[in-house]
Amino acid sequence: MISFLRVLKYAFQDMGRNLGLSLMTVFILILMLLSVNTLWGIDILTGQAVQSVKDQINISLYFVPDAEVSSVEEIKNYLTSFPEVVDLQIINKEEVLQSFKDRHFGNDEVLGALDELGENPFGSTMVIHTREPEDYKNIMTALDVPEYENLIETKSFEGNEGAVETLQNITNRIERIGFGLAFLFAVIAFMIIFNTIRVAINTQKTEIGIKRLVGASGWFIRGPFLVESFLFTLISVLITFGIVFLSLSYLDPYLAVVLPDGFALTNYYKSNILLLFGMQFISVLVLTVLSSLMAMRKQLQV
Amino acid sequence: MIKLHGVSKIYPTPLVALRDLNLHIKSGEFVSIIGQSGSGKTTMARLLIAEERPTKGIVEIGEWDISKINSYDIPFLRRQIGTIFQDFKLLPKKTIYENTAFALEVAGEKSARIKQVVDKVLDIVGLHTKKAHYPWQLSGGEQQRVAIARALVHKPKIMVADEPTGNLDSINTVEIMEILKRINEIGTTVLLFTHNREIVNQLKRRVITLENGEIIMDQEHGKYVL
């Protein structure tokens, strides 16, 4: 216990007396964490933006006016059996008519022409949402059978097909680039941190040698460095989160304009705070402790 | 107390630093090990504190064969041997008190006892009033006295002094030698590795002469003859 307390004392003493080096290490860690958080934030925003575009894409099937309700139900049952279909809504012909009337309220010419017809000229409409934009192709193929030809007047998806494909390509590319960037960044970050800590320990190489000469055990020498690694990690993660939250509270009003209703990055961070803090803390701690142990290994050999 | 049986140290270069040394140093002796640069003095000193392992032969301290000592036991050995060096080897970011106390702190001594012992040894080397100073605030002679104080805290049975006066002027050299003699008088075996002719001749104690890694002379009351 007394040795542990002394290790703690040495760690705080070393940090204080090597203040420049300590600040530099914390600064580099903060830069790395800020970059990781920025990349993370961009990934979330891209995901949200892509999702909101995806949500707006659907297939609308316009049935002929005399299509039987049972036939429409049959198609509905057929389509809901597809795992790709996440949502399916039917707007019956009365609702379609009402919607048309509402849209043209006050336009006597259009409403008069409708009255002259004497009957509802609209058929039911079916709106289908799938999990991924590329799933729409399967649904379109599935509907491309002769028995449905006489029931479905038009399918509204054809015009969107190109846009969906482009969107899908962009999404895939963003994901690949994001993954590549994250990997590249992790490697660079590891090298920077490893070297920063190695420089810190090399600076204290003579001291490590002296401590060994006066009979300090390996753990008595390693201990303060490991405690320092822990403290550097804790301080840098706390400061990074402070900066991230300050930045988000400033950015959120601007992001609210382009993001789906109710989504705010601050809220995302708040609701995932334990996961985000824990993951980043553990990753940086592993990185700093490993760097310390690797850098010290050479100096502690006899 | 200290025995070397057929000890050789060969570096991979290949360089033979020590060749088949056989030596017996009795408890309480004051032995000067002399030789020119490259004669193997520092290698021999490093073998005694397990900074190096012999390529061949056995190094015994007391009844302890330290030639194959494992890493875990090395700190325990070093707490029993006082060491001082030409470059003092003080921790620059620690005060004089902290430097001296460090040797006891690593051994897990209680704070109250550390204070008592450190105050006493700093008093012995005459630096009690400068215990809050940092090494860079002291002269070379004073720094070496701190190193001696640190070496003394464990009441070592052996003191290894590797060129302790190499960086000092003549006045400080005399002071350090006086302290080493006093340490020897209280029963500590002192091994002085040096190439300072004057101090060896003034001591009139046992002198072992090394040349090209071999013992070429071992005189009971010797002089510097190289």
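So, here's what we can say about the structure. Remember, it's a predicted structure, so these values are computed and weren't measured experimentally.

This next bit is on the overall build of chain A. Each helix and strand counted, chain A has 12 helices and four strands in total. Across the 302 residues that make up chain A, the buried fraction comes to 20%. Considering only intrachain contacts with a sequence separation of at least 6, the fraction spanning at least 24 residues in chain A is 84%.

We now examine the sheet that holds strand 1 (residues 59-63) of chain A. Residue and element names in this part refer to chain A. Spatial ordering of the open sheet is given by 2-3-1-4, a layout of four strands whose pairing is antiparallel. Each edge of the open sheet is held by one strand with a lone partner, namely strand 2 (85-91) and strand 4 (152-155). This sheet shows a mean twist of 20° between the axes of neighbouring strands, independent of strand direction. Pairing of strand 1 with strand 4 involves three bridges; the strand directions are antiparallel. Across the sheet, Y62 pairs through a bridge with T154, a residue of strand 4. Set on the sheet, helix 3 (residues 69-80) makes contact with strand 1, strand 2 and strand 3 (125-130); between it and strand 2 the angle comes to about 170°. Along the sheet, helix 6 (residues 135-143) makes contact with strand 1, strand 2, strand 3 and strand 4, crossing strand 3 at roughly 140°.

With respect to burial, helix 5 (residues 108-117) of chain A is a largely exposed element, only zero of its 10 residues being buried. Within two residues after helix 5 of chain A, G118(A) carries a phi angle of roughly 80°, on the positive side.

Residues and elements named next belong to chain B. Strand order in the open sheet formed by six strands is 6-7-8-3-9-10, with mixed pairing between adjacent strands. Unpaired on one side and paired on the other, strand 6 (81-85) and strand 10 (214-219) mark the two borders of the sheet. With strand direction ignored, the average angle separating the axes of adjacent strands in the sheet is 15°. When strand 3 (residues 30-34) meets strand 9 (residues 206-211), the two strands line up parallel, connected through four bridges. Considered in strand 9, the bridge of V31 is made with R206. On the sheet, helix 1 (residues 41-48) packs against strand 3, strand 6, strand 7 (158-162), strand 8 (189-194) and strand 9 and is oriented at approximately 150° with respect to strand 7.

Our focus in this paragraph is the environment of N184(B). Counting through the fold element by element, N184(B) comes out in helix 6 (residues 170-185). The residues contacting N184(B), other than those within four sequence positions of it, are F30(B) and V190(B).

Within the largest apolar cluster, 71 residues are counted, with the highest numbers of intra-cluster contacts made by I33(B), L48(B), V160(B), A161(B) and L191(B). In terms of nonpolar packing, the next biggest core, distinct from the first, is built from 14 residues, I197(A), F232(A), A295(A) and M296(A) among them.

The next thing to look at is the interface of chain A and chain B. Contacts between the two partners involve 13 residues from chain A, matched on the other side by 18 residues from chain B. Breaking the side of chain A that touches chain B down by element, the ones donating at least two residues are helix 1 (2-17) and helix 9 (205-213) of chain A. The element contributing the most residues to the side of chain A that touches chain B is helix 1 of chain A, with four residues. Partitioning the side of chain A that touches chain B into residue classes produces seven nonpolar, three polar and three charged.

Moving on: the packing of helix 3 (residues 96-105) of chain B against helix 5 (residues 140-152) of chain B. All names here are of chain B. Put simply, helix 3 and helix 5 touch, their axes get as near as 7 Å, and they point 30° apart. By the angle class used here, helix 3 and helix 5 are roughly parallel. Considering only the axes of helix 3 and helix 5, their crossing is right-handed. Of helix 5, the residues touching helix 3 (which contributes I96, N99, T100 and A103) are V146, A149 and R150. Class assignment for the residues of the contact of helix 3 with helix 5 results in four nonpolar, two polar and one charged.

Residue and element names in this part refer to chain A. Considering the arrangement of structural elements, one finds E119 in the loop between helix 5 and strand 3. Judged by the 8 C-beta atoms lying within 10 Å of it, E119 falls in the exposed class. Separated by 54 residues in the primary sequence, E119 and P65 place their C-alpha atoms 9.9 Å from one another.

This part takes up unusual backbone geometry. Residues and elements named next belong to chain B. Of note, the phi angle at E163 is positive, near 50°, even though the residue is not glycine. By secondary structure assignment, the location of E163 is in the loop between strand 7 and helix 6. Of note in this structure, N212 is not a glycine but carries a positive phi near 50°.

Residues and elements named next belong to chain B. Of all five residues making up strand 6, five are buried, and the element is well covered by its neighbours. The two faces of strand 6 match: I81, T83 and F85 on one face and G82 and I84 on the other face are all buried. With five bridges connecting them, strand 6 and strand 7 associate as parallel partners. Directly across from I81, in strand 7, lies its bridge partner I158.

Rules of the game
Residues numbered from 1 in each chain as written. Chains lettered and ligands numbered in written order. Predicted model: local features only at pLDDT ≥ 70, side-chain atom pairs only at ≥ 80, totals over all residues. Helix = DSSP H or I, 4+ residues; strand = E, 2+ residues; numbered from the N terminus. Buried ≥ 20, exposed ≤ 12 C-beta atoms within 10 Å, placed from the backbone. Contact = placed C-beta atoms within 7 Å. Pairing = 2+ DSSP bridges. Axes fitted to C-alpha atoms, helices over the stretch in contact; angles between N-to-C directions. Core = buried A, V, L, I, M, F, W, Y, C linked by C-beta atoms within 7 Å. Nonpolar A, V, L, I, M, F, W, Y, C, P; charged D, E, K, R; others polar. Parallel < 35°, antiparallel > 145°, perpendicular 65-115°, else oblique. Left-handed = near helix turned anticlockwise from the far one by under 90°.

All we've got here are geometric facts, nothing functional implied.
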